[in-house]
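# Chain and residue survey
The chain contents come next:
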Amino acid sequence: MKNIVVLVSGSGTNLQRIIDTIEAGEIENAKVSLVVADRKCYGLERAKNHAIDHILVPRGKNFSSELAKVIPADTDLIVLAGFLSILKPEFCENWNGKIINIHPALLPKFGGKGMWGMNVHNAVIEAGEKESGATVHFVTSGIDEGEAILQKSFEVTAEDTPETLAQKVHQVEYEIFPLAINKVLQNK
Ligand code: GRF
């Protein structure tokens, strides 16, 4: 059984999707062993509702070293699911190849510092992009720079707004996140 630790900062709908797909057997032979939040958020409630161990490690200067202390050594995969703190290079190197993130755009476009949440969707609309989507990628010390695992795009129409993009991106995320987790865990 593979142990997944999920890191969240927000509502945690992607966390919910991971929990649900594990329960449905779509992510094989795995369990969420721990949910870590860097602030009070609904993601923690979701963990509680499913009797999953959860802990709040407050964001701030020493976050990465405090986080390192709570991640069990037998963790197979650390999944960033709407997680907003930047992890220190040392932490990323220690877990090299075992940390993945979901980003709400088609990396390498619209990634890097400040490119999170609605900032991303505002930037995509402003740039007049013809498509957007989501990317699951490995986490390295460079923000949003690690190798892509799965990516899926959709057309941006003239009617789209940052808000409609956010909704469409979430739907794509729910599709590719479980597939990417499976892929990494099975080394496919
Ligand atoms: C997702 O769009 C993800 O790409 C981004 O943050 C959002 C989290 O949404 N990193 P949720 O908390 O899973 O609903």
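Predicted, not measured: the structure shown is a model, and the values here were computed from it.

## Overview of the packing of aromatic side chains
Given two aromatic rings, one states the distance between the centres and the angle between the planes to describe the pair. On inspection of all chains with the given rule, the structure shows one aromatic pair. Between the aromatic rings of Phe63 and Phe83, the centroid separation amounts to 5.7 Å while the plane-to-plane angle is 35°, which identifies the pairing as tilted. Of this pair, Phe63 sits in helix H3 (residues 63–70) while Phe83 sits in the loop between strand S4 (77–80) and helix H4 (89–94), and the two are 20 residues apart along the sequence. Take Phe63: its relative accessible area is 2%, and that puts it in the buried class.

## So, the packing of helix H1 (residues 13–23) against helix H6 (residues 162–185)
With their axes 10 Å apart at the nearest point, H1 and H6 run at an angle of 45° to one another. With respect to each other, H1 and H6 are oriented oblique. H6 is crossed by H1, and the crossing has right-handed handedness. Taking contact as the criterion, the partners of Thr13, Asn14, Arg17, Ile18 and Thr21 in H1 are, on H6, His170, Glu173, Tyr174, Phe177, Pro178 and Ile181. Here the residues of the contact of H1 with H6 are counted per class, giving five nonpolar, four polar and two charged.

## Focus on the sheet that holds strand S7 (residues 148–155)
Spatial ordering of the open sheet is given by S3-S2-S1-S4-S5-S6-S7, a layout of seven strands whose pairing is mixed. Of all the strands in the sheet, the pair left with one neighbour each is strand S3 (54–56) and S7. Taken pair by pair, the neighbouring strands of this sheet meet at an average axis angle of 20°, ignoring direction. In the sheet, strand S2 (residues 30–37) pairs with S3 via three bridges, with the strands oriented parallel. Counterpart to Val36 in the pairing with S3 is Ile55. Packing of H1 onto the sheet brings it into contact with strand S1 (2–8), S2, S4 and strand S5 (99–103), and relative to S2 it is tilted by some 160°.

The rules behind these values
- Every chain is numbered on its own, with residues counted from 1 as its sequence reads.
- A pLDDT threshold of at least 70 governs which residues receive local features in this predicted model, and a stricter bar of 80 or more applies before side-chain atom pairs are shown or counted, although totals over entire chains, interfaces and linings include all residues.
- Remark: hydrogens and water are excluded; side-chain values derive from all non-hydrogen atoms of the structure.
- We call Phe, Tyr and Trp rings a pair once their centres come within 6.5 Å, taking the six-membered ring for Trp, and we label the pair stacked below 30 degrees between planes, edge-to-face above 60, and tilted otherwise.
- Each helix is a run of DSSP H or I of at least 4 residues and each strand a run of E of at least 2, with the numbering of both proceeding from the N terminus.
- Per-residue accessibility, obtained with a 1.4 Å probe over protein chains only, is compared with the maximum for each type, and a residue is labelled buried under 20%, exposed over 50%, and partly exposed between these values.
- All axes here are fitted lines through C-alpha atoms, helices being fitted over the stretch that makes contact, and every angle between N-to-C directions spans 0 to 180 degrees.
- Angle categories: roughly parallel below 35 degrees, roughly antiparallel above 145, roughly perpendicular from 65 to 115, and oblique for all the rest.
- Less than a right angle of anticlockwise turn of the near helix away from the far helix marks a crossing as left-handed, whereas a clockwise turn marks it as right-handed.
- We call two residues in contact when some of their heavy atoms are within 4.5 Å.
- Each residue gets one of three labels, nonpolar for Ala, Val, Leu, Ile, Met, Phe, Trp, Tyr, Cys and Pro, charged for Asp, Glu, Lys and Arg, and polar for the others, Gly among them.
- Think of it this way: DSSP has to see at least two bridges between two strands before they count as a pair.

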